[in-house]
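# Notes for the structure review
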Amino acid sequence: MVEKKTKKETSAKKETKKAAAAATSQAASPAASPAAPQKQAKVGVFICHCGTNIAGSIDIKAVQEYAATLPNVAHVDNYQYQCSTPGQKKIEDAIKEKGLTGIVVAACSPRLHEPTFRTATKEGGLNPFRFEMANIREQNAWVHMHDREGATSKAKDAVRIAVAKASLLQDLFPKAVKVEKTAMVVGAGVAGMQAALDLANAGIKTYLIEKSPTIGGRMSQLDKTFPTLDCSQCILTPKMVDVGRAPNINLMTYTEVDSVEGFIGNFDITLRKKARGVLTPKEAEAKGIVGGGCNGCGDCEGVCPVVQPNPFEMGMKPRKAIYIYHPQVVPLIYTIDFESCIKCGLCVTSCGDKKAIDLEMKDEFEKVKVGTAILAVGFDLFPIEKKEEWGYKKFDNVVTSLEFERLICASGPTGGHLVRPSDGVTPKKVAFVLCAGSRDNTGVGKPYCSRFCCMYSLKHAHQIIEKIPGVIPYIFYMDIRSFGKAYEEFYYRIQDEGAKFIRGRVSHILENPETKNLTVFADDTLLDRPVQIDFDMVVLAAAVQPSEDTNRTRKLFGVSCSMDGWLLEAHPKLNPCGTTTAGVFLAGVCQGPKDIPDTVASAEGAASAASIPIHKGEVELEPYFAQCMEEKCAGCGLCVNLCPYTALALVEKEGRKVMQVTEAKCKGCGTCGGFCPGGAIWMQHFATPQIMAQIDAFLLGGEQ
Ligand code: FAD
Ligand code: SF4
Ligand code: SF4
Ligand code: SF4
Ligand code: SF4
Ligand code: SF4
Ligand code: SF4
């Protein structure tokens, strides 16, 4: 609820004058500021109706009349849609006609239209940074729609505060930096591969960094893909081969990003190439081993005595300590798992003249410079054993959807024969439990919808109907979300094929210890009665969550995440591939659950966005840099370690130490400015006098 006015307009005017005096005195005395303040501020205020979005909750006329009384205000106007062409023209014309020195637009969030109004300000002949936005829509009209009087009062406050700052704004000039003509994509699932291919095809040298020994991500673990039922590997392997061969792609598997420094156009990235224990032909050649390096013959695997579960097969098939995940891996190079290797040396002997194996190999670090980067680090399944009531990991025949994909896949652990893990018998009655751990507000699971599990569960139902004569799939669902192209039709098709649908959440599952059969307990909400049905096997459509390393990786690149850990886009609608770190983009499921078509589309979007600065060759950095007022700097150096972006350094100048800012590295976070004991740091666009004027305008100028 907005605080309501209780006192008279006259007292407001008195206080406003105080604020004006404060603002004017600030304007006259930032003696040590690096740039001169406005001499005679003439501010233009433009108030937007946004149709009824703002005007429905705020009395625009009252705000306009109030704005006209504020100090330094030389022009006030209002318009239905300020961001429209005529709305912008009004700003341009007023600047020219009235000789305005600062502009305030009271409208929506600056995240939406600050660039629009900066351009209008510039078109009118003013420096574009002499513009300030008062958010009276998202932060006011929309949240106080039932309190018109209060919202109007709050809008007046917002305008007054913005005017106080606009009176002190200075000309600022963005810094142009050259952009390295190289990009990086982190994560080589279908999203990363697509993004890398697009960048490479646009002529951009691209590093594709994958932490596991092979590319392809989750899609390479799938059998068929909904709704077209294409074989996943068949549509993915051509892309994998293209990635492996593309001259513009430097594919680095078994590699992680270790550190990131720099900024858009000039990211200095250190990569950690994990010790693979096996040389590629190129690496062997570099070591003078003629005709050597791994050719994928597999002889070493045959002799290796150490057996481990293969994570690619969800642990349902073994692998050796020297291994490849599956026969179609790209690159076809073996990898040693040094955690389980006993260094018996048998593989070295079997490799013979190829001399590909180096049991003493150590991690290596490589530094690269790139202009832009795309994060495509994908997802993991939520550890569904946390939902103890469904018995995963307790009951043999309760499996996850990814385990099901491997069990039904011809290249999987059972050669594509769906069998029960407990006894290898083909199941006749299979339950699919949807929303397993998704849409779950118990605090154990995830509150969001995992988005592709309805569709892949329909696919799974189809696959067993196709493969096992007489089988009956039962689908326990809350809603079926068949949102994509041809998805609803696919849903009807599976209904026609005989799958049974029970609308209701599964409460718990019990196992018969002798037969290993399972009893599923649920509520049938359509018939309004509890149900209890016996099955041979249960498949949990487990929720998805950000992949293990997402948090570390995002921090390296300075990217934010949502409460659930998904990487956060700059704007969910208008900039879905960008992030708030200039030059860093997102592709695929690391941003939130997406099926393959949406993943590929987002990767193409990210590649396009990441290529723009590279093709332009130069980018402008917003000039919100820290500036050192050297005469005030005591050279204490305390600020240097505080800067999260290593933008500060102490330098010798005229026989004393002073702090120096590398503007291209400075993100304008303000940490140093807030800390400096001597007040020696001037934050451009957020300078102390400007902030103080805003605070004074708020505290002294209100209509209390
Ligand atoms: P991922 O496939 O997860 O790839 C991410 C890659 O990044 C991985 O290779 C990973 O190793 C790598 N990586 C992670 N962290 C790092 C790091 N820090 N550094 C370097 N590399 C890193 N969609 C459909 O459209 N149709 C279907 O039929 C279908 N069936 C599905 C069935 C199941 C059981 C599941 C779980 C999903 C299914 N999907 C389906 C969804 C599909 O799997 C995803 O849309 C797709 O895999 C997303 O690709 P991605 O590249 O974003 O992520
Ligand atoms: Fe709506 Fe913002 Fe445009 Fe005004 S400027 S019409 S508030 S979107
Ligand atoms: Fe590669 Fe040597 Fe093993 Fe053959 S024996 S797969 S060349 S490491
Ligand atoms: Fe296997 Fe290690 Fe022995 Fe090689 S040295 S055969 S990888 S256990
Ligand atoms: Fe539940 Fe379907 Fe959403 Fe998955 S996609 S969480 S099964 S509603
Ligand atoms: Fe100079 Fe202030 Fe930094 Fe100390 S903290 S070096 S006084 S800018
Ligand atoms: Fe570093 Fe200061 Fe710039 Fe923040 S404002 S990035 S602390 S120099």
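In the block above lies the structure referred to throughout.
Conventions used here
Residues numbered from 1 in each chain as written. Chains lettered and ligands numbered in written order. Predicted model: local features only at pLDDT ≥ 70, side-chain atom pairs only at ≥ 80, totals over all residues. Heavy atoms only, no water. Pairing = 2+ DSSP bridges. Helix = DSSP H or I, 4+ residues; strand = E, 2+ residues; numbered from the N terminus. Contact = heavy atoms within 4.5 Å. Near = heavy atom within 4 Å. Nonpolar A, V, L, I, M, F, W, Y, C, P; charged D, E, K, R; others polar. Axes fitted to C-alpha atoms, helices over the stretch in contact; angles between N-to-C directions. Left-handed = near helix turned anticlockwise from the far one by under 90°. Phe/Tyr/Trp six-rings, centres within 6.5 Å; stacked < 30°, edge-to-face > 60°. Buried < 20%, exposed > 50% of the residue type's maximum accessible area, 1.4 Å probe, protein only. Disulfide = S-S within 2.5 Å. Salt bridge = Lys/Arg side-chain N within 4 Å of Asp/Glu carboxyl O.

### Considering the pairing of strand S12 (residues 266-273)
The sheet contact formed by strand S11 (residues 255-263) and S12 spans eight bridges and is antiparallel. Counterpart to Glu256 in the pairing with S12 is Arg272. Hairpin connection between S11 and S12: a loop of two residues separates the two successive antiparallel strands, and Gly265 in this loop has a positive phi of roughly 90°. Direction of pairing for S12 relative to strand S17 (residues 364-370): antiparallel, over a ladder of seven bridges.

### Digging into the environment of Ala570
Take Ala570: it is sitting in the loop between helix H16 (550-557) and strand S29 (584-586). Linking Ala570 and Cys50, residues 520 residues apart in sequence, is a C-alpha distance of 23 Å. With near-sequence residues (within four places) excluded, Ala570 lies in contact with Arg111, Asn575, Gly578, Thr579 and Thr580.

### A closer look at the site of ligand 2
Near ligand 2 the following residues occur: Cys48, Cys50, Ile54, Tyr81, Cys83, Ala107, Cys108, His113, Phe117 and Arg137. The residue inventory of the shell around ligand 2, partitioned by class, reads eight nonpolar, one polar and one charged.

### Structural notes on the site of ligand 7
In the vicinity of ligand 7 there are 13 residues, among which Cys643, Cys666, Cys669, Gly670 and Cys672 approach most closely. Of the residues that constitute the shell around ligand 7, the class distribution is nine nonpolar, three polar and one charged.

### Topic: the sheet that holds S11
Two strands in a sheet stick together by hydrogen bonds in their backbones, pointing the same way (parallel) or opposite ways (antiparallel). In spatial order, the strands read S11-S12-S17; together these three strands make up an open sheet with antiparallel pairing. Where the open sheet ends on each side, the last strands, each with one partner, are S11 and S17. On average, each strand axis in the sheet is tilted by 20° relative to the strand beside it, whichever way the strands run. Against the sheet, H16 touches S11 and S12, its axis set at about 25° to S11.

### Details of the packing of helix H3 (residues 60-68) against helix H7 (residues 148-166)
Axis separation between H3 and H7 bottoms out at 9 Å; the angle between their running directions is 35°. The handedness of the crossing between H3 and H7 comes out as right-handed. Of H7, the residues touching H3 (which contributes Ala62, Val63, Tyr66 and Ala67) are Thr152, Ala155, Lys156, Val159 and Arg160.

### Re the packing of aromatic side chains
Two measures describe an aromatic ring pair: the distance that separates the ring centres and the angle between the ring planes. Scanning the model with the defined rule gives 16 aromatic pairs in all. The interplanar angle of 80° and the centroid separation of 6.1 Å between the aromatic rings of Tyr477 and Phe501 together place this pair among those described as edge-to-face. Taken together, the residues Tyr477 in strand S22 (residues 472-477) and Phe501 in strand S23 (residues 500-503) connect sequence positions 24 residues apart. You can call Phe501 partly exposed: its relative accessible area is 22%.

### Here's the deal with the state of the cysteines
Evaluated as defined, the whole model comprises one disulfide. Note that Cys231 is cross-linked by a disulfide to Cys234, the S-S spacing being 2.5 Å. Taking the torsion about the sulfur-sulfur bond, which here is approximately 80°, the covalent link between Cys231 and Cys234 counts as right-handed. Classification of Cys231 by relative accessible area gives partly exposed; the value is 29%.

### Quick look at the pattern of salt bridges
Throughout the structure, instances matching the rule amount to 36 salt bridges. We note a salt bridge from Asp157 to Arg160, for which the minimum N-O separation is 3.0 Å. Of this pair, Asp157 and Arg160 both sit in helix H7, three residues apart, which is roughly one turn of the helix. When sorted by exposure, Asp157 lands in the same class as Arg160, which is buried. Its salt-bridge partner being Asp598, residue Arg451 comes within 3.5 Å of it at the nearest N-O pair. Of this pair, Arg451 sits in the loop between strand S21 (429-436) and helix H14 (453-467) while Asp598 sits in helix H17 (residues 596-616); the two residues are 147 residues apart in sequence, bridging distant segments of the chain. For Arg451, a relative accessible area of 31% gives the class partly exposed. Overall, Asp598 belongs to the partly exposed group, its relative accessible area being 29%. Taken together, the salt bridges that share partners define one network made up of Glu256, Arg272, Lys274, Asp363, Asp549 and Arg552.

### Concerning unusual backbone geometry
A cis geometry characterises the amide bond from Phe226 onward to Pro227, with omega recorded as -15°. Considering the arrangement of structural elements, one finds Pro227 in the loop between strand S8 (224-225) and strand S9 (230-231). Of the consecutive residues Val330 and Pro331, the connecting peptide bond is found in the cis state with omega at 0°. By the element assignment, Pro331 lies in the loop between strand S15 (322-323) and strand S16 (335-336). A positive phi angle, close to 65°, is found at Leu229, a residue other than glycine. Within the secondary structure, Leu229 sits in the loop between S8 and S9. Even without a glycine there, the phi angle at Arg439 is positive, about 50°.

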